[in-house]
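# Summary of the model geometry
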Amino acid sequence: QVQLVESGGGSVQAGGSLRLSCVGSGYTRSTYCMGWFRQVPGKERSVVATICTVGGSTYYADSAKGRFTISLEKAKNTVYLQMNSLKSEDTAMYYCAARGGSVPSLRPADFNYWGQGTQVTVSS
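Within any chain, residue numbers begin from 1 and follow the written order of that chain's sequence. Side-chain atom pairs in this predicted model are given and counted only at pLDDT of 80 or more, local residue features only at pLDDT of at least 70, and totals for whole chains, interfaces and linings cover all residues. Think of the side-chain values as coming from all heavy atoms in the structure, minus any hydrogens and water.

## Here's the deal with the state of the cysteines
- Count a disulfide wherever a pair of cysteine sulfur atoms falls within 2.5 Å. Scanning the model with the defined rule gives two disulfides in all.
- The disulfide bridge from C22 ends at C96, spanning 2.1 Å between sulfur atoms. Handedness here is read from the sign of the S-S torsion; for C22 and C96, about -80°, the answer is left-handed. Taken together, the residues C22 in strand β3 (residues 18-25) and C96 in strand β9 (residues 92-100) connect sequence positions 74 residues apart. Only DSSP runs of H or I covering at least 4 residues are called helices, and only runs of E covering at least 2 are called strands; the numbering of each starts at the N terminus.

See below:
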């Protein structure tokens, strides 16, 4: 059974930084994609960034480009999201997700495994 556990969330002042971590277990495939999504009350879950093992391709939402960096340490089964220059608009519950295969996707419905989420609160 695949399990994903996020950590690193918390409260930070606008302009500050946080580093989220997601440790996975129970997944044996070597070809997969990982993603960070976020959700606020009353809105749909949306993609922040994704990374795939094939080609090391990454995707960033427009709001994250230039500020956030996604990285993957396969040996540690860990994906990170470094968040710099945080804004109040970044306040949300952040979820780590995974999907098998090599076809990229930005849709939450295409990700099969999810963590429980970690809250990020940015004060202005």
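## Side note on the packing of aromatic side chains
- In summary, the pairing rule links any two rings of Phe, Tyr or Trp, Trp by its six-membered ring, whose centres are within 6.5 Å, and it sorts them by plane angle into stacked for under 30 degrees, edge-to-face for over 60 and tilted for everything else. Within the structure shown, the criterion is met by six aromatic pairs.
- Aromatic side chains F37 and F111 sit 5.0 Å apart centroid to centroid with 75° between the ring planes, which places their arrangement in the edge-to-face category. Of this pair, F37 sits in strand β4 (residues 32-39) while F111 sits in the loop between β9 and β10 (113-114), and the two are 74 residues apart along the sequence. An identical accessibility class is assigned to F37 and F111; each is buried.
- Here the aromatic rings of Y95 and W114 are separated by 6.5 Å at their centres, their planes lie at 80°, and the arrangement is edge-to-face. Think of it in three bands: with a 1.4 Å probe and only protein chains considered, a residue is buried below 20% of the maximum accessible area for its type, exposed above 50%, and partly exposed in between.

## Concerning the layout of surface pockets
- A pocket here means an open set of points on a 1 Å grid, computed over the protein atoms alone, that has protein on both sides within 12 Å along at least five of seven lines. A cavity is instead a set of points where a 1.4 Å probe fits but cannot get out; residues with an atom within 4 Å of a point line either one. Grid points are joined across faces, edges and corners, and a volume is the space filled by probe spheres set on the points. By volume, the largest pocket amounts to about 200 Å³.
- Put simply, the parts of the chain that give the lining of the largest pocket at least two residues each are β3, β4 and β8 (78-83).

## Digging into the environment of L72
- When you line up the elements, L72 lands in strand β7 (residues 68-73).
- When its relative accessible area of 23% is taken as the criterion, L72 is described as partly exposed.
- Each C-alpha atom, one on L72 and one on A49, is 12 Å from the other, the two residues being 23 residues apart in sequence.
- The residues contacting L72, other than those within four sequence positions of it, are Y32, M34, I51, T53, T78 and V79. Contact definition: two residues touch when any of their heavy atoms are within 4.5 Å.

## Things to note about the sheet that holds strand β1 (residues 3-7)
- Strand order across the open sheet formed by four strands is β1-β3-β8-β7, with antiparallel pairing between neighbours. Each having just a single partner strand, β1 and β7 make up the two edges of the open sheet. Across the sheet, the axes of successive neighbouring strands diverge by a mean angle of 15°, strand direction being ignored.
- Relative to β3, β1 runs antiparallel, the two being bridged by five bridges. Bridging from a neighbouring strand, L4 pairs with G24 of β3. Two strands are said to pair when DSSP picks up at least two bridges between them. Helix axes are fitted only over the stretch in contact, all axes being lines through C-alpha atoms; the angle between N-to-C directions runs from 0 to 180 degrees.

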